[in-house]
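Secondary and tertiary structure notes
Each chain, written out:
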Amino acid sequence: MSTAYIPARYFRMLLSLLSERGLDLCQPLAVAGLPKEFAVSQQDDFLTLSQVEALVNWAVNATGDRSLGMLLGQRLNLSAHGVTGYAGLCASTLGEALRVAQRFQPLVMPLTDLWVEEHPDYSHLRIVPTQLMQEPTRQFILDATVSSIYIQGRFLYPEPWQEVSAHLPYDITRYDVD
C-alpha cells in the first residue's frame, strides 16, 4: 500500500466541480476507495497517488473535458492553500510571491516543483513534475498549478506584469487565451 502524502483539499474541490455539473459522486469515490463522507469532510487529510489518479481519470472520462485542471486552478485562491497560501499575501512583489510559492510548493502540492528564474525584463516559472504520473493526471496537475498561480498573481498584482509565459509539455487542448 502506498503512502498518502498529497493534500486532499484540492480533490474535494474537484468533486465539488463535478457535483456542480450534475455528476453523482458515488462512483469516483468508490473507484478511489474513499468513503462518501470524504467529499464534504473538512479534515486536513491526504491521498495516495493512485487515489489521485483514480479521481482524475474518472473525472476526465466522465466529463470528456481535458481542461478540468485549468478550471480547478481558477478556483484555487490563496486561502485554498491553507497557511502557506497566506504567506503569499505578505509578498510585496510578484517575484517575491513566486519565491514564496517555490519555497512552499512541496507542502502545497508535492507532485510538482516550482523553479523561479528571474531576469531583468522577465521572470520564468518552471513547473516540473516530481513523480511519474499517468495521463490525464499529469496534465491535470500541471494545468491546475499554472492556472492557480496565474489567478493568484492577478489578484495580488493587478498592474501590468513583465512578460509572462507558460510552456506546457503537451499539446494544448481547449483553453481560453484571454
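Bear in mind that the values here come from a model prediction, so they are computed numbers and not experimental data.

1. Remarks on the nonpolar core
Membership of the largest hydrophobic core comes to 32 residues, with the highest contact counts inside it found for F11, L14, L47, M109 and F140. Elements that contribute at least two residues to this core include exactly α1 (9-20), α3 (49-63), α4 (68-73) and α7 (137-156). Broken down by element, the residue count for this core peaks at eight residues, all from α3. Counting eight residues, the second-largest nonpolar core is a separate cluster that includes M70, L98, L114 and V146.

2. Quick look at the pattern of salt bridges
Within this structure, the stated rule accounts for six salt bridges. The partner of R75 in a salt bridge is E20, and the shortest N-O contact between them spans 2.5 Å. Separated by 55 residues along the polypeptide, R75 in the loop between α4 and α5 (83-89) and E20 in helix α1 bring together distant segments of the chain. Residue R75 is classed as partly exposed on the basis of its relative accessible area of 32%. Assessed through its relative accessible area of 52%, E20 is described here as exposed.

3. Looking at the packing of α1 against α3
In the contact formed by α1 and α3, the axes pass within 11 Å of each other and the chain directions differ by 20 degrees. Taken together, the axis directions place α1 and α3 in an arrangement best described as roughly parallel. In this structure, the crossing between α1 and α3 has a hand that is left-handed. Residues F11, L14, L15 and L18 of α1 form the contact with α3, whose own contacting residues are V52, L55, V56, W58, A59 and T63. For the contact of α1 with α3, the residue count by class is nine nonpolar, one polar and no charged.

4. Let's talk about helix α6 (residues 94-108)
With 15 residues, α6 should reach 21 Å at 1.5 Å per residue; the first-to-last C-alpha distance of 18 Å falls well below that figure. Along its length, α6 shows its largest kink, about 35 degrees, at Q102, and proline P106 lies within four residues downstream of that point. Looking at α6, one finds that the buried residues are G95, A97, L98, V100, Q105 and V108. Where the residues of α6 are buried, they touch β1 (6-7), α1, α5, β3 (112-118), β4 (123-129) and α7.

Criteria and cut-off values
- Residues numbered from 1 in each chain as written.
- Predicted model: local features only at pLDDT ≥ 70, side-chain atom pairs only at ≥ 80, totals over all residues.
- Heavy atoms only, no water.
- Core = buried A, V, L, I, M, F, W, Y, C linked by side-chain atoms within 4.5 Å.
- Buried < 20%, exposed > 50% of the residue type's maximum accessible area, 1.4 Å probe, protein only.
- Helix = DSSP H or I, 4+ residues; strand = E, 2+ residues; numbered from the N terminus.
- Salt bridge = Lys/Arg side-chain N within 4 Å of Asp/Glu carboxyl O.
- Axes fitted to C-alpha atoms, helices over the stretch in contact; angles between N-to-C directions.
- Parallel < 35°, antiparallel > 145°, perpendicular 65-115°, else oblique.
- Left-handed = near helix turned anticlockwise from the far one by under 90°.
- Contact = heavy atoms within 4.5 Å.
- Nonpolar A, V, L, I, M, F, W, Y, C, P; charged D, E, K, R; others polar.
- Expected span 1.5 Å × (residues − 1).
- Bend = angle between axes of the 7 residues up to and from the residue.

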